[in-house]
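# Survey of secondary and tertiary structure
This is what each chain is made of:
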Amino acid sequence: MDIFLQQLINGLTLGSVYAIVALGYTMVYGIIQLINFAHGEVVMVGAMVALTVIGALAKAVPGMPPFLIMGIAVACAVPVCMAVGYGMERIAYRPLRRAPRLAPLITAIGISIILQHLALLIFSRNPLSFPQILGNRMFEVAGAHISAVQIAIILGSVALMTGLTLLVYKTRLGIAMRATSENVQVAGLMGVNINRVISATFVIGAALGAIAGVMVGTYYGIAHYTMGAMLGLKAFSAAVLGGIGNLAGAMLGGILLGIVEALGAGYIGEFTDLCQVSWLAAGPLAERCADGGNFVLFGSNYQDVFAFFVLIIVLIFRPSGLLGERVSDRA
Amino acid sequence: MSLSPVPHSKRIPGKRVLAIAASAALFALAGCGKQEEAPKPAEAPQAAAPAGVTVKIGHAAPLTGGIAHLGKDNENGVRLAIDEANARGLTIGGAKITFEMLSEDDEGKENKGPIIAQKFVDAKVAGVVGHLNSGVTIPASAVYAQAGIPMISGSATNPKLTEQGFNVTFRTVGRDDQQGPAVASYLVAEFKPKTAAVVDDATSYGEGLANEVEKALKAAGVTVLPREKGKADQNDWKAILTKLRGKKPDAIFYGGMDSSAGPLLKQGRELGIKAVFAFGDGACSEKMQELAGEAAEGLICSQAGIPAMASSKSFLEAHKAKFNVDPIIYAPFTYDATNLLIAAMQKADSVDPAKYLPELAKIQLDGATGKIEFDAKGDRKDAEMTIFTMKTGKIEPLAIIKAGQSIKFEDFVKGAAPAAAEAAPAAAPAAAPAAEAPKAAEGEKK
């Protein structure tokens, strides 16, 4: 049981990060129906900036309290990513807003490649170690271990999600965003500054991405210029799983995907151990199964396959995602 | 070359190796016509002028770039051996022989290997010591094989090098695939695990190493859990580690590079896994400390060969006296490689590669790195592997594994120079300045 609980905690942490990144995808999609494939790279930029700031501060000001350093790192990473988010919307997407849908998709991939290679030039191709300044206190809950960083990630993402929900549903900007997502032209006619709203969406998404980047860096203790690619893909899948364009869907999808992945990696090997099938164990596989041996059909290396398999199954039965039908609610 | 400065070059995918080897072979065809006359100039003057013959020995390593200091280290080993031989004044085939080192910079680049090799063939060298990187040595070896020139690498550890069927290819270091059994035997001897887990990163290097470890562990009666696999760029190992924690292994081996091994180790300790973590040379660097923090403390990892400071005292002293620095890693191995070539020439009483090659294949030499004998493939018999641990952020040698026997590092250092009682204290300071050695070596170059 403690193993199951541990896998849940692992999955929840991972899922929280996916959820925050997925929000960036889903917000942009909700408003201008663009899949911003460069969003994963924004997360990477956030991690890289934070890493640089932490490294510089820890060296320049010895004895500075780690939480302050962390705070400054986040305070640097967020504006940089906001600028990147604003910049890419302004340069790569706004001129193409009236172009066929495929055009901005291609520029999104282009921006993603450009950002990756800029990071390669600046931060080298080696995996960089993310300074471990916070220490890592561990807590034990019913046999499962949870670290202070994990708790911070889970609580932090809950706070961010709450904040975003409040922003979208309680503020004037949120109203403008929702109006824009329903109908760009009509919202414009009603006096909403469309360009500002769309820029704001990108900037908010990028800010979330920056924080996700710092979280991932701190959690794994490593940063690499390609780290955004797979994370972005997973988060995008999470957004689709929950119903792209839907805020609650992105949160649900992210957490679900994280948990599915962790449980998949943890249990798929055991469930596909053919030695559990008695007639196989006694017959053709007797040699491999003797003395507690095993014949695992799908090992833990199938964890990604498993996650995407679940995604496909969900989409077959609910093509618009888990919470996708409430189209009016998107953004 | 198995330390990590250029880990990529040694793990080149098979197809590329073949392609390079093929192009190298083509390259070599051009030089084929000259091949027969290659040794002649060395011999021809013998009769005419028995007064003195100059015999060229090639040395190739990266002498510029990120691991130039290691290349220089290799070169120093060769230079020392050659100078010693010249000082002894050898007579081979009735002629007084002066050896001359021809040192070339291969930049650690795969495509430079065959080019340098061809240069050596054209210069009619009698033998070659090098190259440093496996990725460069493998394509170059095809050229030497074509020309029939014996080649001994003091640092290339990739098994492929001697699996090509060339009879002129040798090495004085161990092979990567001897590491697996070495780590396993150390784990079994020191930690006596009942259950062990083996994880790999699904690359040919990681999986190959993990397979060897698993085989050796099973042979020692250890229960090995079902293999877990990640990816080369995997950061999140928690799911796999949680699963392993439930099975309570006493030891966990991971076959992969430091970039994924660091997170694995860190997360393993976070989950409260108490087992000993062991790695191959891909994760045997101080980078592990950066990536895993405190969790890196006490890890076990292996590298081919022995630390330079464990080589013979006479070598260490001569090296220090000549270059005023301590050897970094592979200098004792290139020193031995050069002496092997010279000894074989003496035995055959000829500097003709075709004549001394059979002697080289069956040679027995007591070198700076211990007894050297080659097997049929040209690999060193009972090559040593060194087991390291992480101690206060530094990689430190723990034991030398030789022929399945684990020898405590201190005992090995003592045994390396049994004549001198103060061997151990003399070797100890050699460990400390290793970090400064590269700079000093650079200085010496100028």
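Look up: the structure comes first, before these words.
Predicted model, so just to flag it, every value in this text is computed and none were measured. (Residues numbered from 1 in each chain as written. Chains lettered and ligands numbered in written order. Predicted model: local features only at pLDDT ≥ 70, side-chain atom pairs only at ≥ 80, totals over all residues. Heavy atoms only, no water.)

### What about the packing of helix α5 (residues 68-88) of chain B against helix α14 (residues 331-348) of chain B?
Residues and elements named next belong to chain B.
- Two elements in contact, α5 and α14, have axes separated by 7 Å at closest approach and are oriented at 35°. You can see that α5 and α14 cross each other, and the crossing is right-handed. Residues Asp73, Asn74, Gly77, Val78, Leu80, Ala81, Ile82, Glu84 and Ala85 of α5 form the contact with α14, whose own contacting residues are Ala331, Thr334, Tyr335, Thr338, Asn339 and Ile342.
- Each residue belonging to the contact of α5 with α14 can be placed in one class, and the counts come to eight nonpolar, five polar and two charged. (Axes fitted to C-alpha atoms, helices over the stretch in contact; angles between N-to-C directions. Helix = DSSP H or I, 4+ residues; strand = E, 2+ residues; numbered from the N terminus. Left-handed = near helix turned anticlockwise from the far one by under 90°. Contact = heavy atoms within 4.5 Å. Nonpolar A, V, L, I, M, F, W, Y, C, P; charged D, E, K, R; others polar.)

### Details of the pairing of strand β4 (residues 127-130) of chain B
Residues and elements named next belong to chain B.
- Burial along β4 is two-sided: Gly127 and Val129 and Val128 and Gly130, pointing in opposite directions, are all buried.
- By the bridge criterion, four bridges tie strand β1 (residues 53-61) to β4 in an arrangement that is parallel. When the sheet's bridge partners are listed, histidine 59 is paired in β4 with valine 129.
- As paired elements, β4 and strand β5 (residues 151-153) share two bridges and run parallel to each other. The residue bridging valine 129 from the neighbouring strand is isoleucine 152, located in β5. (Buried < 20%, exposed > 50% of the residue type's maximum accessible area, 1.4 Å probe, protein only. Pairing = 2+ DSSP bridges.)

### A word on the nonpolar core
Residue and element names in this part refer to chain A.
- Judged by nonpolar contacts, the single largest core of 87 residues is most densely connected at Val21, Leu23, Tyr93 and Leu164.
- If you tally residues by element for this core, the top one is helix α8 (residues 194-220), at 15 residues.
- Excluding its chain neighbours within four sequence positions, the residues that come into contact with leucine 23 are Met161, Leu164, Leu208, Leu247, Ala250 and Met251. (Core = buried A, V, L, I, M, F, W, Y, C linked by side-chain atoms within 4.5 Å.)

### A word on helix α7 (residues 134-147) of chain B
All names here are of chain B.
- The terminal C-alpha atoms of α7, which comprises 14 residues, lie 20 Å apart, in line with the 20 Å expected from a rise of 1.5 Å per residue.
- The largest bend in α7 is about 30°, located at alanine 140.
- Among the 14 residues of α7, 12 are classified as buried, and the element is accordingly described as predominantly covered.
- What α7 keeps buried is the set Ser134, Gly135, Val136, Thr137, Ile138, Pro139, Ala140, Ser141, Ala142, Val143, Tyr144 and Ala147.
- Among the residues trailing α7, glycine 148 stands out with phi positive, at a value near 70°. (Expected span 1.5 Å × (residues − 1). Bend = angle between axes of the 7 residues up to and from the residue.)

### Observations concerning the interface of chain A and chain B
- Counting from both sides, the interface comprises 33 residues of chain A and, opposite them, 25 residues of chain B.
- Taking both partners together, chain A and chain B bury about 2500 Å²; carbon and sulfur atoms supply 51% of that area.
- Inspection of the chain A/chain B interface yields one salt bridge.
- Of the charged contacts, one joins arginine 245 of chain B and aspartate 2 of chain A as a salt bridge, the two residues approaching to 3.9 Å between their closest N and O atoms.
- Taken together, the connections running from chain A to chain B amount to nine residue pairs in polar contact (both at pLDDT 80 or more).
- Elements supplying a minimum of two residues to the side of chain A that touches chain B: α1 (2-32), β1 (128-129), β3 (144-147), α8, α10 (247-271) and α13 (303-317) of chain A. (Buried area = accessible area lost by both parts, 1.4 Å probe. Salt bridge = Lys/Arg side-chain N within 4 Å of Asp/Glu carboxyl O. Polar contact = N/O pair within 3.5 Å; in protein donor to acceptor, adjacent residues only side chain to side chain.)

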